[in-house]
Amino acid sequence: MIFLLRWVSTLVLAFFAGKLMTKLKMPAILGWLIAGMVLGPNAVELMPQAVMDASWYKIIITWMQCAFGLMLGTELIWKKIRSYGKAMLVTTLAQSLGTFAVVSLLFAVVFSCTGVPLYLAVVFGGIALATAPAPALSIVQEFRTKGPVTDTLLPMAVLDDIVGITVFFTVNSFVAKAVSGGAVPLYMIPVMILLPVLIGIVTGIPVGAYLKRKPGKARTLGALLAGITITVLIGLFFNTKVLSNITLNYMLMGVAFSAAFSNMIPEKQLEELTDWFHPILGISLLAAIVDLGAPLDYHLILGAGLYTFVYIAARGFGKYFGARLGAKATRMPDTVQKYLGLTLLPHSGVSLVFTGIICSVLTGPEPELAVIVKGTIAAAAVINEIIAVIAAKKGFELAGEINTGTQI
C-alpha cells in the first residue's frame, strides 16, 4: 500500500510538473519525463526501484501500454491505409533502415580506430532504428494535432515498431550465436510480431460486434476496458507460460485490438468513442512517460563521452533524412517531407529495453563490450529524450498542426 501511494504521489507531482511546462510553452510530456527522472530511483526516490520491480506495477504499466495502443489502432482504418499504404511503407523503411545503416557505418569507422570489435557497430545500429511512440503520441494527445504529419506518424509508429523488432532481434540472434553459441531462434521473430497482432484481433472482433449495437457511453467504455484487460491477460499467459524467453509487445496488442473493432463500426461512432476514451488515454500516457523517465540517471549527462554523442548525432541524422528521403520519393505532402523526421526522434524506452537484452547476451563472454553498450545508451537516453521531446513539438508546430486552443 505504501508503494502504491508513492507511485500515485509521483504521478500527481508529474502531472503538475507537466502543467508548469505548458505555462512555459513547452509540452507537458517534458515535465512528466523530468519528474520521473527526479522522483525515480536515481534521485529523490519517491518512487524507488522496489516499486518498479513490483509485480503489480509491471502489470499496471503493461495494461497502460496496451491502452495507449488504442490511439494508434483507431487510425488503422482499411480505406485510409489503402490510400497511403505504399508511401507509408517506403518512408518507414527509409527512416528505419536508413538509421540502422548510418549508425552502424559511423560506429564501424569509430571502432576501427579504437580497436573495438566491429560487430558492436551493428548492435548500436539495431538499437538505434526503433522509435519510442509514447512521447510523440502524448504531444498529439495534448495539443490535439491534426494534419498530414500527424496522419503519417500514427500508423508509421506501428510499422516502425515492427521493423525495429525484426531488425534488432535478427542482429541479437547473430551476435548471441557469435559470442556464446546461443540465440533466440530466427523463426521466433515472426512469432514475436504476429502473436501480439493475433491476440489483439481475437479480442477486438467480439468487442466490435458488441459496439455495433451502439451501446451508451458507460457500456462502451466498459467494453473497451474489459477488452484491454482480457487482451493483457492473454498476453501475460503466453509471455509467462508459453514463451518465457521473450517479451511480447503489448502496445502492438492494443493496436491490433482497436484496429479490429475500428474497422467494424461507423466513423462517427469511432470519433465519439475516442473522445470518451480520451481521459483514460491521458492517464495511460502520463504513467508510461513517468515509467520512461524513472530509470534515467541524470548523472550520466556529465559522464557522456564520444560514443554517446556519435550515437545521438548519427541516429538523429538517419531518422530525419531517412524520413525526408522516403517521403520525397513517394511524393508525400511537403510538411511531411520537412518535419516528420523531427517527430521520430524520441527513443529511450525502446533503447533501454533493447540494451538490456543485448547486454544479457554480452555480459558473460564479452563483459567489457556490455559496459560500452550500456553506458553509451543510458547516457544517450537521458540527453536524447529531452532534445527529442522539444524537437517533436517543434516539428508539429512548424507543420502548422498544433491547435493551441484545444491544449489540455
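Please read all numbers here as calculations on a predicted model, not as lab measurements. (Residues numbered from 1 in each chain as written. Predicted model: local features only at pLDDT ≥ 70, side-chain atom pairs only at ≥ 80, totals over all residues. Heavy atoms only, no water.)

Focus on the overall build of the protein chain
Regarding its fold elements, the protein chain presents 17 helices and zero strands. For the protein chain, whose C-alpha radius of gyration is 20 Å, the value lies close to the compact-globule estimate of 22 Å for 408 residues. Viewed in the frame of its principal axes, the protein chain has a C-alpha envelope of about 65 × 55 × 50 Å. A burial count over the protein chain gives 55% of its 408 residues as buried. Restricting the contact set of the protein chain to residue pairs at least 6 apart, pairs at least 24 apart contribute 82%. In the structure as shown, the protein chain presents an accessible area of about 17,300 Å², 69% of it carried by carbon and sulfur atoms. Here the protein chain contributes 28 positively and 19 negatively charged side chains, and the mean placements of these two sets differ by 8 Å. (Helix = DSSP H or I, 4+ residues; strand = E, 2+ residues; numbered from the N terminus. Rg over C-alpha atoms; globule rule 2.2 N^0.38 Å. Buried < 20%, exposed > 50% of the residue type's maximum accessible area, 1.4 Å probe, protein only. Contact = heavy atoms within 4.5 Å. Areas by Shrake-Rupley, 256 points an atom, 1.4 Å probe, with all protein chains shown as cover. Lys, Arg positive; Asp, Glu negative; His and termini not counted. Charge placed at Lys NZ, Arg CZ, Asp CG, Glu CD.)

Some details on the environment of lysine 328
Take lysine 328: it is sitting in helix H14 (residues 306-329). On the accessibility criterion, lysine 328 (58% relative accessible area) is exposed. It is 8.7 Å that separates the C-alpha atoms of lysine 328 and threonine 91, two residues lying 237 residues apart in sequence.

Focus on the nonpolar core
Counting residues in each nonpolar core, the largest one holds 85 residues, and the members touching the most others are Leu224, Ile228 and Phe261. With 11 residues, the top contributor of residues to this core is helix H12 (residues 267-293). Excluding residues that lie within four positions of it along the chain, phenylalanine 261 makes contacts with Leu70, Gly204, Val207, Gly208, Leu211, Leu224, Leu270 and Leu273. Counting residues in each nonpolar core, the second largest holds 44 residues, with Val175, Ile312, Leu369 and Ile383 among its members. (Core = buried A, V, L, I, M, F, W, Y, C linked by side-chain atoms within 4.5 Å.)

Notes on the pattern of salt bridges
Considering all chains together, one arrives at four salt bridges under this definition. As a salt-bridge pair, lysine 319 and aspartate 160 come within 3.5 Å of each other at their nearest N and O atoms. Placement of the pair is lysine 319 in helix H14 and aspartate 160 in helix H8 (residues 148-180), with a sequence separation of 159 residues. Here lysine 338 and aspartate 334 are joined by a salt bridge, their closest N and O atoms 3.2 Å apart. Here aspartate 334 and lysine 338 lie together in helix H15 (residues 334-343), a separation of four residues that amounts to about one turn. (Salt bridge = Lys/Arg side-chain N within 4 Å of Asp/Glu carboxyl O.)

Thoughts on the packing of H15 against helix H17 (residues 367-398)
Direction vectors running N to C along H15 and H17 enclose 155°, while the axes themselves pass 7 Å from each other. When the axes of H15 and H17 are compared, the pair comes out roughly antiparallel. With respect to the hand of their crossing, H15 and H17 are arranged in left-handed fashion. For the pair H15 and H17, contact is made by Tyr339, Leu342 and Thr343 and by Ala388, Ala391, Ala392, Gly395, Phe396 and Leu398, respectively. The residue makeup of the contact of H15 with H17, split by class, is seven nonpolar, two polar and no charged. (Axes fitted to C-alpha atoms, helices over the stretch in contact; angles between N-to-C directions. Parallel < 35°, antiparallel > 145°, perpendicular 65-115°, else oblique. Left-handed = near helix turned anticlockwise from the far one by under 90°. Nonpolar A, V, L, I, M, F, W, Y, C, P; charged D, E, K, R; others polar.)

Points about the environment of serine 96
One can find serine 96 in helix H5 (residues 78-114). Residue classification places serine 96 among the buried residues on the basis of a relative accessible area of 0%. Not counting the four nearest positions on each side in its chain, serine 96 is found in contact with Leu129, Asp160, Val163 and Lys319. Separated by 3.3 Å, the side chains of serine 96 and glutamine 95 make a polar contact. (Polar contact = N/O pair within 3.5 Å; in protein donor to acceptor, adjacent residues only side chain to side chain.)

Describing the environment of leucine 70
As for its position among the elements, leucine 70 is in helix H4 (residues 55-73). A residue is classified by how much of its surface remains accessible, and leucine 70, at 3% relative accessible area, is buried. Each C-alpha atom of the pair leucine 70 and serine 96 lies 23 Å from the other, and the pair is 26 residues apart in sequence. Ignoring sequence-local partners within four residues, the contact set of leucine 70 consists of Leu224, Ile228, Gly254, Phe257, Ser258, Phe261 and Phe277.

Let's talk about the packing of aromatic side chains
Counting across every chain of the model gives 16 aromatic pairs. Judged by centre distance (5.4 Å) and plane angle (75°), the rings of phenylalanine 257 and phenylalanine 261 are edge-to-face. Taken as a pair, phenylalanine 257 and phenylalanine 261 lie in helix H11 (residues 250-262) at a separation of four residues, close to a single helical turn. Exposure class is identical for phenylalanine 257 and phenylalanine 261. Each is buried. (Phe/Tyr/Trp six-rings, centres within 6.5 Å; stacked < 30°, edge-to-face > 60°.)

Observations concerning a nonpolar patch on the surface
A cluster of nonpolar residues, Met1, Leu4, Leu5, Val8, Val12, Phe15 and Phe16, forms a patch on the protein surface that exposes about 680 Å² of accessible area. One can find valine 8 in helix H1 (residues 2-23). Under the relative-accessibility criterion, valine 8 is labelled partly exposed at 38%. (Patch = residues over 30% accessible without salt bridge, like charges linked within 9 Å, V, L, I, M, F, W, Y side chains within 5 Å.)

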